[in-house]
Amino acid sequence: MNSLKHFKICVILIMVSLTSSLANAQISNDITHNDALKALLTAKQKAEELNVVVNIAIVDAGANLKSFIRMDESFLGSIDIAIKKAKTSRYFNIATGDLGKLSQPGGIIYNIEHSNGGLITFPGDPDNKSK
């Protein structure tokens, strides 16, 4: 499997794990450790079905790391990417691909990826179906 495909699948899985966990992030209830673990294990199971190794990060309503796994042989560089992608999704409640479109040269939030300790502003999958 080429590295780009592996990387895209990693990002997709991160977003799969976040979608169910963060649906209610704007209300006063936060994600429990049981829900974070469930989301993490669901994403890990999907990665195993796809025969890929990834890093998966789950954050709480405050964008604090709640749960994380680095699957054996996953890219070391995607540890930081997984965590920043989860935080980016939480900070803005927008598909990161849509955020990326707004952050291009001439966009209304050009260079936003340099804020908040670094953001990830590319889509979670090539079709931009996930956040």
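Keep in mind that what you see is a predicted model, and the values were worked out from it rather than measured.

**Some points on the overall build of the protein chain**
From N to C terminus, the protein chain includes four helices and two strands. In sequence order, the secondary structure elements of the protein chain are arranged as α-α-β-β-α-α. Out of the 131 residues in the protein chain, the part that is buried amounts to 40%. Here the contacts in the protein chain between residues at least 6 apart in sequence split such that 63% fall between residues at least 24 apart. Counting every atom, the protein chain has about 7,200 Å² of accessible surface; 53% of that belongs to carbon and sulfur.

**Observations regarding the side chain of Arg90**
Summarising the element assignment, Arg90 is placed in helix α3 (residues 77-92). Buried within the structure, Arg90 lacks any salt-bridge partner; its nearest side chain of opposite charge belongs to Asp60, at an N-O separation of 6.6 Å. Polar side-chain contacts of Arg90 include one of 2.7 Å to the backbone oxygen of Ala61.

**A few points about the pairing of strand β1 (residues 55-59)**
When you tally the buried positions in β1, you get five out of five residues, the bulk of the element. What you see with β1 is no split at all: Asn55, Ala57 and Val59 on one side and Ile56 and Ile58 on the other are buried throughout. Here five bridges tie β1 to strand β2 (residues 65-70), and the two strands are oriented antiparallel to one another. Across the sheet, the residue bridging to Val59 is Leu65, located in β2.

**Quick look at the packing of aromatic side chains**
Under the counting rule described, the total for this entry stands at one aromatic pair. Plain terms: the ring middles of Tyr91 and Phe92 are 6.3 Å apart, the flat faces sit at 85° to each other, and that makes the pair edge-to-face. Overall, Tyr91 belongs to the partly exposed group, its relative accessible area being 35%.

**Concerning the nonpolar core**
Of all hydrophobic cores here, the largest spans 11 residues; its members are Ile31, Ala36, Ala39, Leu40, Ala43, Ala47, Val52, Val54, Ile56, Ile58 and Met71. Listed by contribution, the elements that provide at least two residues to this core are α2 (33-49) and β1. Element by element, the count of residues in this core is highest for α2, at five residues. Counting residues in each nonpolar core, the second largest holds five residues, with Val59, Ala82, Ile83 and Ala86 among its members.

Procedures and definitions
Residues numbered from 1 in each chain as written. Predicted model: local features only at pLDDT ≥ 70, side-chain atom pairs only at ≥ 80, totals over all residues. Heavy atoms only, no water. Helix = DSSP H or I, 4+ residues; strand = E, 2+ residues; numbered from the N terminus. Buried < 20%, exposed > 50% of the residue type's maximum accessible area, 1.4 Å probe, protein only. Contact = heavy atoms within 4.5 Å. Areas by Shrake-Rupley, 256 points an atom, 1.4 Å probe, with all protein chains shown as cover. Lys, Arg positive; Asp, Glu negative; His and termini not counted. Salt bridge = Lys/Arg side-chain N within 4 Å of Asp/Glu carboxyl O. Polar contact = N/O pair within 3.5 Å; in protein donor to acceptor, adjacent residues only side chain to side chain. Pairing = 2+ DSSP bridges. Phe/Tyr/Trp six-rings, centres within 6.5 Å; stacked < 30°, edge-to-face > 60°. Core = buried A, V, L, I, M, F, W, Y, C linked by side-chain atoms within 4.5 Å.

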